[in-house]
Structures are given as C-alpha cells and as structure tokens.
Amino acid sequence: MSAGRDPEDGGAPPRQLACPECGATVRDRWRCECGAPLEFADPPVPEEAGPESVDLRGGLWAFDSLIAVGDDPADRVTLGEGMTPLVDADGRAAGGEAEADEWNAAFKLEYVFPTGSFKDRGATTTLTRARELGVERVVEDSSGNAGAAIATYAARAGIDAAVYVPADVKESKLRAIRRAGAEPVRIEGSRADVTEACVAAVIGDGRSGGETGGGTRESAWYASHAWNPAFFEGTATVAYEIAAQRGWEAPDAVVTPLGHGTLFLGAYRGFRRLERAGWIDAVPRLFGAQAAGVAPIVRELHGADAADPEGRVNAIADGIQIAEPVRKREVLDAVADTDGDALAVTRAAAERELDRLHAAGFYTEPTCAVAPAALRELRERGVLAPDADVVVPLTGSGLKG
C-alpha cells in the first residue's frame, strides 16, 4: 500500500477516523485497536449552504457537502451512480380506486445502479477513500452484491481487488466479480466463516490489522461494507436523495432489508445529518426486514419465536442472512431512536411478495421482497396507518439470477 496523497501537493488530506468507544483517533484502520468500528472524526454538516445549493444533475456526488470522502473531486471513483427513481409503487392513474393488495408506498429503485444493487452507493465512496489513501489492493467479503460492487469500482479506480465469497454464491454474482478483474476467493462454511477468512487475509502474519498511518502497513486494505465508515457515507446518500426527490420533506417511515444494516444505518445517518443541517424537519421511523431464521435484531427485540416463527430459515433472502451484525448495537439504537422496529419475514411471505413485485413490473432479486412484505405486515398490525407516507428501497436486480 502506498503512503497516499502528500498534502504539500495541494490536495485535501484524507479525513481522520475516531473511535466512538475509546476516543482514539487514527489516520486509517479497518477497526480500532479496542475492537470497535471506527467513524469519521469530523463528518460534514453544511452550516451555511442550504438544499438549494444541490445540483441534482450530479447524481450521488451532488451531495458532496454531506459526504466525508471525495473532498478533492479528482479522487472520486464514479460511474455516474445515484438519483435512482422514486416511483409510486402502485402506479394508479390519478383518481383511480385503491385495490386490496396495493402497497400504498413509494419504491426507490436501487436495482438500476451500475452493478444492479444499492451497494454501489457504498462502493463509490469506499473506493474514493481508498484512492485518497493511495491504496493499491483491496479485499472484501460478501454474499455477492457488495463484492460485485467493490470489484467493479476497484476496476474503475485501477486498484487490484480480491473478494471472499461463500462457496455456494450465485454464479451470476461470481461472474460479475471475475469480469471486473477481481479475484474471487470461495470459502466453505457459514457467512461468518467468509468474513473470518477475509479478516485473516487483511491481518496477515501478525501484522497490525490494516493501519495506514504509522506502524506496519498491510498489503491489502479492507473495503468492508460492514466495518468501513466510508461505505456508510455512500449509503447515507439514499436519505439525501429521498428527501431531495420529495421537496426536502422526509416520509413518515422507511422500510429496508436488514442484514449488516448498511442501508438501514445509512438511511438513519443520512436523515439525522439532514436534520442537523436544518434541511428536513424530522427523521422518519425506520423499519428493518430480516430473514426469518437469521434475524438477530428481531431476536434481541422480540425473542426467539418472533425471529424464527416457522423453525426454518428464509433461504431465498440470502443477501441478509447475517447472524452477527458488526453494528448490532447501532442498529438497535437507531430502531429505538426513530420509534421503529424489525420484523422477521418468512420464505412464504417473501415469495408471495416477489411474485407481486414481478407482476407489477419491478424485476428484483428475492432478498428485495422482504421489505415490501414487512410493510404489508406493519400495516396489518396497525403499526403503520393505511395512509402513512412510506418509502421502500428495492435493493437488487432480478437480472442477477
């Protein structure tokens, strides 16, 4: 790994990271020495410029005043991503009558990103951070979508990449990683085993664990969608876009799939930052949809029966089967802070919703279906009123197979 940009060359230096647990600050590490995830020490919040300063023609990077990476536009690794469509889920003509099974929500079509998933939000900002630091090789662990995104944006940046994936990963996602020139590394076992193998590759033979400011430097930089704070700077832009597309008015609620929480926490951080900047008046309630049988947030909130109501895993929602989320406490805090909740969605419910999505013209992959399925249950329970103003991101393309 090279030393990164020399501030004397005139470019903006990369922002430092800080540990919310022990208070340590570092130039860069994949996690704090105390074991906690790191955050940016000085996340930007515009103090003078208002939302009228945003030129939405710039896509995701139109919100650069709210993003903690890419201060120097020359460092930005981009494929023109962002400003995904926000559409009426039901597509009724004006004055049309409601139907019994309609969603009564807006869908944000995250599956139209360059690699077919919302993970491109985090990939553009993560590889931008890597370029700022002078990184020459990145590694990531993923069930598919994040790996394809990191591989693609690494190719765009001219940075070598290796992606650790489950041995049974879908061939379409594996092909996307290979075609971008990255090295896929298949790992037998659980999703946690994949992460463990990737972390071992980062740490290496007793090295310091990814430090890039003093001490031993690693041969690879951990572009983790769960640990790396740069990834969450990207996923926070979903909140900025939703607010902008709605005239800077937040919805009543947002419902997302929930595994590691990259989109869920990104939305939370983004809406909170907009509120602090005075660009919106309130933060929406946030609801996370987990795969039944692998639903640790639901288990924590509502017990084992709620997390696994049928005694079997929702196998089609493979993109969110995360038994031990890195940022579990942060997810729980965001749920509590927004008066939100988390629900476990069964395979049968997800399959029914997937059929409805496809029949309505939304060609998504199966994991996406858990969020609108959760919305349906929230309305049935009376947690969300029939007329509540709700946004649901549809996170991955059905073209991924």
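Definitions and limits used
Every chain is numbered on its own, with residues counted from 1 as its sequence reads. Reporting in this predicted model follows two pLDDT cut-offs: at least 70 for local features of residues, and 80 or more for side-chain atom pairs to be given and counted; totals over whole chains, interfaces and linings ignore these cut-offs and use all residues. Side-chain numbers come from the whole structure's heavy atoms, not from hydrogens or water. Whether two aromatic rings pair depends on their centres lying within 6.5 Å, for rings of Phe, Tyr and Trp, where Trp uses its six-membered ring; planes under 30 degrees apart make the pair stacked, over 60 edge-to-face, and the rest tilted. By the criteria applied, helices consist of DSSP H or I runs no shorter than four residues and strands consist of E runs no shorter than two, each listed in order from the N terminus. Remark: exposure states derive from per-residue accessible area (1.4 Å probe, protein chains only) relative to the maximum for the residue type, with buried under 20%, exposed over 50%, and partly exposed in between. Whether a charge lies above a ring is judged from NZ of Lys or CZ of Arg, which has to be within 6 Å of the ring centre and within 35 degrees of the ring normal. Patch construction takes residues with relative accessible area above 30% that form no salt bridge. Like charges are linked within 9 Å, and nonpolar side chains (Val, Leu, Ile, Met, Phe, Trp, Tyr) are linked within 5 Å. Methods summary: accessible areas were calculated by the Shrake-Rupley approach with a probe of 1.4 Å, and residue burial reflects only the protein chains presented. Salt bridge, as used here: a side-chain nitrogen of Lys or Arg that lies within 4 Å of a carboxyl oxygen of Asp or Glu. When charges are tallied, Lys and Arg are placed among the positive residues and Asp and Glu among the negative ones, while His and the ends of the chain are skipped. Throughout, a charge is located at the NZ atom of Lys, the CZ atom of Arg, the CG atom of Asp or the CD atom of Glu. The predictor attaches a confidence to each residue, and that confidence, scored 0 to 100, is pLDDT. In this analysis, two residues are considered to be in contact whenever any of their non-hydrogen atoms come within 4.5 Å of each other. Fitted lines through C-alpha atoms give the axes, limited to the stretch in contact for helices. The angle between two N-to-C directions lies from 0 to 180 degrees. Working rule for angles: under 35 degrees goes down as roughly parallel, over 145 as roughly antiparallel, 65 to 115 as roughly perpendicular, anything else as oblique. Residue classes follow a fixed rule: Ala, Val, Leu, Ile, Met, Phe, Trp, Tyr, Cys and Pro count as nonpolar, while Asp, Glu, Lys and Arg count as charged, and any other residue, Gly among them, counts as polar. When DSSP locates at least two bridges between a pair of strands, those strands are taken to pair. For this analysis, a polar contact is any N or O atom pair within 3.5 Å, provided that within protein one partner can donate a hydrogen and the other can accept it, and provided that sequence-adjacent residues contribute only side-chain to side-chain pairs.

J.: Can you help me understand the packing of aromatic side chains in this one?
T.: Here a ring pair, both rings aromatic, is described through the centre-centre distance and the interplanar angle of the planes. The full count for this structure, using the stated rule, is seven aromatic pairs. Consider the rings of tryptophan 30 and tryptophan 227, whose centres lie 5.1 Å apart with planes at 80°: the pair is edge-to-face. One end of the pair, tryptophan 30, is in the loop between β2 (25-26) and β3 (39-40); the other, tryptophan 227, is in the loop between β9 (221-222) and α5 (229-235), and 197 residues separate them in sequence. Neither tryptophan 30 nor tryptophan 227 differs from the other in exposure class; each is buried. An aromatic cluster is defined as three or more aromatic residues linked by ring pairs; in this entry it consists of Trp30, Tyr222 and Trp227. Above the ring of phenylalanine 232, the side-chain terminus of arginine 269 is found at 4.8 Å from the ring centroid.

J.: How should I be thinking about a negative patch on the surface in this particular structure?
T.: A cluster of like negative charges, contributed by Glu249, Asp252, Asp281 and Asp387, occupies part of the molecular surface. If you trace the backbone, aspartate 387 turns up in the loop between α12 (370-381) and β13 (390-394). Here aspartate 387 falls in the exposed class, since its relative accessible area comes to 66%.

J.: What am I meant to see in the confidence of the model for the protein here?
T.: It should be kept in mind that the predicted coordinates are not to be read in detail where pLDDT is low. With 91% of its residues at a pLDDT of at least 70, the protein reaches an overall mean of 91. Taken together, the stretch residues 205-217 has pLDDT below 50 and engages in 31 contacts with residues farther than four places along the chain or on a different chain.

J.: I tried to follow the packing of helix α11 (residues 347-359) against α12 on my own but got confused; where do I start?
T.: The contact between α11 and α12 brings their axes to 8 Å, and the two run at 105°. Considering their axes alone, α11 and α12 lie roughly perpendicular with respect to each other. Residue-level inspection shows Ala349, Ala350, Glu353, Arg356 and Leu357 of α11 in contact with α12, the latter providing Val370, Pro372, Ala373 and Arg376. Residue composition of the contact of α11 with α12, by class: six nonpolar, no polar and three charged.

J.: Hey, could you run me through the environment of serine 117 in this one?
T.: Structurally, serine 117 can be placed in the loop between β5 (106-109) and α1 (119-133). The sequence separation of serine 117 and alanine 148 amounts to 31 residues, and the corresponding C-alpha distance is 9.2 Å. Not counting the four nearest positions on each side in its chain, serine 117 is found in contact with Glu110, Asn145, Thr395, Gly396 and Lys400.

J.: Help me understand the sheet that holds β3, please; the structure alone is not making it clear to me.
T.: The pairing of strands in a sheet happens through backbone hydrogen bonds and is either parallel or antiparallel. Taken in spatial order, the three strands make up an open sheet running β2-β1-β3, and their pairing is antiparallel. The open sheet has two free edges, formed respectively by β2 and β3, since each of these has just one partner strand.

J.: Is there a simple way to think about the environment of valine 383 in this case?
T.: Among the secondary structure elements, valine 383 is positioned in the loop between α12 and β13. Among the residues examined, valine 383 registers a relative accessible area of 29% and is labelled partly exposed. Sequence separation of valine 383 and aspartate 341 is 42 residues, and the distance between their C-alpha atoms is 9.5 Å. Contacts of valine 383, omitting those with residues within four sequence positions, involve Arg285, Phe287 and Leu378.

J.: Explain the packing of helix α6 (residues 237-245) against helix α7 (residues 262-277) to me, please; I cannot follow it from the model alone.
T.: Between two packed helices, what matters for the description is the angle formed by their axes and the separation of those axes. With their axes 6 Å apart at the nearest point, α6 and α7 run at an angle of 55° to one another. Considering the angle they form, α6 stands oblique to α7. For the pair α6 and α7, the contacting residues are Val238, Ala239, Tyr240, Ile242 and Ala243 in the first and Leu263, Ala267, Gly270, Phe271, Arg273 and Leu274 in the second. For the contact of α6 with α7, the residue count by class is nine nonpolar, one polar and one charged.

J.: Explain the sheet that holds strand β8 (residues 183-187) to me, please; I cannot follow it from the model alone.
T.: The parallel open sheet is built from four strands, whose spatial order is β8-β7-β6-β9. Here the strands that pair on one side only, and so sit at the sheet edges, are β8 and β9. Bridge count between strand β7 (residues 160-166) and β8: five bridges; the pairing is parallel. Counted as the bridge partner of proline 166 is isoleucine 187 from β8. Packing against the sheet, helix α2 (residues 145-157) makes contact with β6 (137-141) and β7, and its axis sits at approximately 170° to β6. Its contacts with the sheet put helix α3 (residues 171-179) on β7 and β8, and the angle it makes with β8 is roughly 145°.

J.: Even after reading the chapter, I still don't get the pattern of salt bridges, so can you show me in this structure?
T.: Note on pairing: side chains with opposite charge can pair once their charged atoms come close. Counting across every chain of the model gives 31 salt bridges. Among the ionic pairs, aspartate 339 bridges to arginine 285, the shortest N-O distance being 3.5 Å. You can see aspartate 339 sitting in the loop between α10 (328-337) and β12 (341-345) and its partner arginine 285 sitting in strand β11 (residues 285-291), a full 54 residues away along the chain. Its relative accessible area of 24% is what places arginine 285 among the partly exposed residues. Among the charged side chains, a network of salt bridges with common partners joins Glu39, Arg269, Arg327 and Glu330.

J.: Help me understand the side chain of arginine 327, please; the structure alone is not making it clear to me.
T.: Relative to the elements of secondary structure, arginine 327 occurs in the loop between α9 (304-307) and α10. With a relative accessible area of 3%, arginine 327 lands in the buried category. Separated by 2.9 Å, the side chain of arginine 327 and the backbone oxygen of alanine 226 make a polar contact. A distance of 2.9 Å separates the side chain of arginine 327 from the backbone oxygen of tryptophan 227, its partner in a polar contact. Once residues within four sequence positions are removed from consideration, arginine 327 is found in contact with Pro37, Leu38, Glu39, Ala226, Trp227, Asn228, Pro229, Phe232, Leu265 and Arg269.

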